[in-house]
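Spelled out from the first residue to the last, the chains are:
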Amino acid sequence: MAEQNLFEMVKRHLCSCSTDLVLSENVEAVLKMPRREIHVSIPVRMDDGKIRAFQGFRVQYNDALGPTKGGIRFHPEETIDTIRGLASLMTWKCSLHNLPLGGAKGGIVCNPKELSTTELERLSRSYVQVMFPYLGPDRDIPAPDVYTTPAIMAWMMDEYSKIAGKTTFGSFTGKPVGLGGSEGRLDATARGGWYVVREAARDMGMNLSGARVAIQGFGNVGSFAALLGQEVFGVRVVAVSDSRGGIYNPDGLPVRDLMVHKSGMESVQKFPGATNITNEELLELPVDILIPAALENVINRSNVQKIRASLVAEFANGPVDNEADKSLFERGIQVLPDFLTNGGGVIVSYFEMVQNFNMDQWDEQKVHRKLEKKMIDAYRAVYTLALQNNAPLRQAAYSIAVARVVDAMKMRGWV
Ligand code: GLU
């Protein structure tokens, strides 16, 4: 895989829109560096009695619009540059969707598949112990991301509350519904992404009903993208994959059965009636819509010419690198940029915070309705500006998001 540093990639996108915005050198200098970075070593007693020290990070990128917000990832190949890039993306995501929040991201270098539940709990609680002074409902509010779950958020919120000496639901989002979580949060990223795809398909004259869709990734985002795609939005899911590989059936896959299969087998592969394929092959299938919903940089110089979809919807963060992005635009393949398309997660996180602050509980219909409106509003603003400037949607999205952050910085007197 051709590797591009995610932080460099996001900074390059920022530069590409700064000509529209005429950003001053001072402003650009502020926007290109995180405001605060916390690096920690997290000692954890393992089940065999030994102590292991895990490396952890939190990057609080920009808090001009409000307290910083963003997920925590547990991944063996985590790097500080990826977290910086993702924290920067969170800043633009919250801004584009008009949330009163800044951007952050956290990570722990670990392989959660090799940890027992008790080890995972101790690691999660220890992360909160060392990060406590930097977190909180009016400072920085983490959420789930790659390999982190509602159960982990429950431990983290509990640890935060113990140290604070009071239940503090608003300190973490993506919690279980029975413990201060919001209805509709679990599938919010995928659902929000589909609202954007539906609007974009309409603008392209593409009929969603029966459209062939390939989805890379079968974690929280990918699996709900497949399920909702098939059951709510009427598409035909022809291929899915996870970290071990994928499966393909041009006639469509029964997604619910596949979810049961995956939970038993730990992989989507070897599903009856489908052909095993690699993750690389999945990206190159003849489909209408391609949804990368796993990790960053998967569409790059080495495979971009082989992409055959007419629409690429970035449900993951940073799946298309700069070079591939340019090439897809030149080939007329529409790309729905990550921080527009996958904003549903943080939008419902924000709804969760609002409910927590008011000790309120909204029903699912209310969450869906408000999420749909936010996604459509953001898409329409981006699409209109892109048409006006004959620019890629990503560039338009950056222009809108960055302008709001710059305005807030000016009003605060920072620049
Ligand atoms: N991890 C999600 C994202 O990348 C959600 C963040 C949040 O809810 O704060 O957008």
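Just above sits the structure.
In this text the structure is predicted, and so the values were computed from the model without any measurement.

Undergrad: Where do I start with the site of the ligand in this structure?
TA: The environment of the ligand is formed by 14 residues, the closest being Lys69, Lys93, Lys105, Asp145 and Ser349. Residue Pro144 places a main-chain N or O atom 2.9 Å away from a nitrogen atom belonging to the ligand. Contact between the ligand and Ser349: an oxygen atom at 2.6 Å from a side-chain N or O atom of the residue. Protein coverage of the free-state accessible area of the ligand, which is 290 Å², stands at 94%. The residue inventory of the shell around the ligand, partitioned by class, reads 4 nonpolar, 5 polar and 5 charged.

Undergrad: Mind showing me how you'd approach the sheet that holds strand 3 (residues 68-75) here?
TA: In a beta sheet, neighbouring strands pair by backbone hydrogen bonds and run either parallel or antiparallel. Taken together, 5 strands build an open sheet; the order of strands is 1-2-4-3-5 and the sheet is mixed. Looking at strand neighbours, the two that pair on one side only are strand 1 (36-45) and strand 5 (140-144), the edges of this open sheet. Here the strands of the sheet are splayed against their neighbours by 25 degrees on average, with no regard to which way each runs. Across 6 bridges, the pairing between strand 3 and strand 4 (residues 102-109) is parallel. Across the sheet, Ile72 pairs through a bridge with Gly106, a residue of strand 4.

Undergrad: Sorry if this is basic, but what is going on with the pairing of strand 6 (residues 212-216) here?
TA: The two faces of a sheet get side chains in turn, since along a regular strand they alternate between them. Summarising burial for strand 6: 4 of the 5 residues are buried, a large majority. Inspection of the sheet shows strand 6 paired to strand 7 (residues 236-242) by 5 bridges, in the parallel sense. By the bridge assignment for strand 7, Ala214 is matched with Ala239. The β-α-β motif built from strand 6, the intervening helix 7 (residues 220-231) and the parallel element strand 7 has right-handed crossover chirality.

Here is what the cut-offs are and how they apply
Residues numbered from 1 in each chain as written. Predicted model: local features only at pLDDT ≥ 70, side-chain atom pairs only at ≥ 80, totals over all residues. Heavy atoms only, no water. Near = heavy atom within 4 Å. Polar contact = N/O pair within 3.5 Å; in protein donor to acceptor, adjacent residues only side chain to side chain. Areas by Shrake-Rupley, 256 points an atom, 1.4 Å probe, with all protein chains shown as cover. Nonpolar A, V, L, I, M, F, W, Y, C, P; charged D, E, K, R; others polar. Pairing = 2+ DSSP bridges. Helix = DSSP H or I, 4+ residues; strand = E, 2+ residues; numbered from the N terminus. Axes fitted to C-alpha atoms, helices over the stretch in contact; angles between N-to-C directions. Buried < 20%, exposed > 50% of the residue type's maximum accessible area, 1.4 Å probe, protein only. Right-handed = clockwise from strand over helix to strand, strands pointing away.

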